[in-house]
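Fold and contact review
The residues making up each chain are set out below.
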Amino acid sequence: MTLKSHFPFLGETLNKPMLSRSNPWDLRGKVALITGGDRGIGRETTKLLHSMGASVAVNFRSSRERAEELKEELGERVEVFQADVSRREEVRAMVQGVVQRMGGVDVLVNNAGITGRMNLQEFREEEFKRMWEVNFLGVLHTSLEVIPHMIRRGGGSIVNVSSVAGLGTSVEGTTFYAVTKAAVISLTKRMALELGPHRIRVNAVAPGWIETDMTIGGRSREEIRAMEEFIEGRTMLRRAGTPADVAGVIAFLASEASSYVTGQVIVVDGGRLDFLTRGG
Ligand code: NAP
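We now turn to the structure provided with this report.

So, helix H5 (residues 125-153)
Here H5 spans 40 Å end to end across 29 residues, near enough to the 42 Å set by a 1.5 Å rise per residue. Of the residues flanking the end of H5, it is Gly154, one or two places downstream, whose phi is positive at about 90°.

Laid out in C-alpha cells, this is it:
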C-alpha cells in the first residue's frame, strides 16, 4: 500500500513546497529589495545576494553617490532607488519603480534602521518617534507595498532586521531602541502567520554587536577598542560581529535553503545572549 492510497489527500494540500531548484542557494532570476542597502549590514547583504545570482534593488536614503558607487562595483543586475522608508508615499513609488524596472520582488530585506541613546527617564518624544517611524513603520510600509506583488508572483521571503536589544539585552541607553526592535519581532511573527497561506515566509535576524557606522561611527580608535574588549569578554566566540556575519544568515533566510522556516528570529551575536544568561 502506498502512502498516497492510505492518505488520498496527500499532494493535494494548498501549499506544496516551492523547492524548484537543485541548488536551493541559487537566486538567479529572483529580485531582492534591500532597504538601507548601500551601507553597513545592508551593503554586505546586497553584495552577497547579488553573488548568489539575484538581481538587487538597492534602496538608499541620503547618498545617491554611495549607492551608484555600489552599482558600479557590482556591474549588472543592480538598480538603485531612493526612498525614506518612514514615508509611505516614497516607499510606494520605490516599490512601483522596482516592479516596473525589474519585474517584481521575490525577496525583501527590511534592513534600514537608526539608533538613539535613551534610558527610561531620559525619554525624548521626538527622538523616539523618529526611531519608531524608521525602525518599525519603515518595516511595515515596505512590507505592505511589496506583499501584493509577492502574492501575484506566488510567494516570497521577507527578512526583517531586528536586534538582540529587542529580545532583552541590558546595554545602557538602548531602552527605546529595544522597544522598536521588539515590535519588529512581534510583527514578524504575525506577518508569518497571515502570509504563510500565500507562500510568503517571514523571519527576522537579531544581530548582536556588529561593527558598522551605527556602532563605531564617530568614535576614536581607543573608544572602539574599549567597546570591542567589552564585547569580546561577553561572547562565546570572543569577537565583535561583522556585517558579513549577518548577511550570511539573511541570505539563508532569503533563499530556498530555508524553505520550511517561517516566523523565526535567528540570533546572530557570537553567543552573547546565551553567554550572559549562563550566570557564570
Ligand atoms: P548603518 O551602517 O548605520 O546603516 C543603516 C542604513 O539604514 C543606512 O544605509 C541608512 O541610510 C539606512 N537608513 C536609515 N534611515 C533610513 C530611512 N529612513 N530610510 C531608508 N534608509 C534608511 O547601520 P547597520 O549597523 O548596518 O544597521 C542595519 C540594521 O541592523 C539596522 O536596522 C540596525 O538597527 C540593525 N542592527 C545593527 C546592529 C549593529 O550592531 N550594527 C545590531 C543590531 C541590529 P542613510 O545613511 O542614508 O541614512
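A short note on the nonpolar core
Of all hydrophobic cores here, the largest spans 29 residues; its most connected members are Leu33, Met94, Val98 and Ile158. Among the secondary structure elements, those contributing two or more residues to this core are strand E1 (31-34), helix H4 (88-102), H5, helix H6 (175-195) and strand E6 (200-207). In this structure, Met94 is in contact with Leu33, Asn59, Phe81, Ala83 and Thr142, ignoring residues within four places of it in sequence. In this structure, Leu27, Ala54, Val58 and Leu253 belong to the second largest nonpolar core, which totals 28 residues.

As for the pattern of salt bridges
Under the defined criterion, the tally for this structure stands at 24 salt bridges. Note that Glu73 and Arg43 form a salt bridge whose closest N and O atoms lie 3.5 Å from each other. With Glu73 in helix H3 (residues 64-74) and Arg43 in helix H2 (residues 40-51), this pair connects stretches of sequence that are 30 residues apart. Residue class for Arg43 comes out buried when judged on its relative accessible area of 14%. Here Glu68 ties to Arg64 by a salt bridge, and the two come within 3.6 Å at their closest N and O atoms. With a gap of 4 residues between them, Glu68 and Arg64 both fall in helix H3, about one helical turn apart. Using a relative accessible area of 42% as the deciding quantity, one classes Arg64 as partly exposed.

Definitions and cut-offs
Residues numbered from 1 in each chain as written. Predicted model: local features only at pLDDT ≥ 70, side-chain atom pairs only at ≥ 80, totals over all residues. Heavy atoms only, no water. Helix = DSSP H or I, 4+ residues; strand = E, 2+ residues; numbered from the N terminus. Expected span 1.5 Å × (residues − 1). Core = buried A, V, L, I, M, F, W, Y, C linked by side-chain atoms within 4.5 Å. Buried < 20%, exposed > 50% of the residue type's maximum accessible area, 1.4 Å probe, protein only. Contact = heavy atoms within 4.5 Å. Salt bridge = Lys/Arg side-chain N within 4 Å of Asp/Glu carboxyl O.

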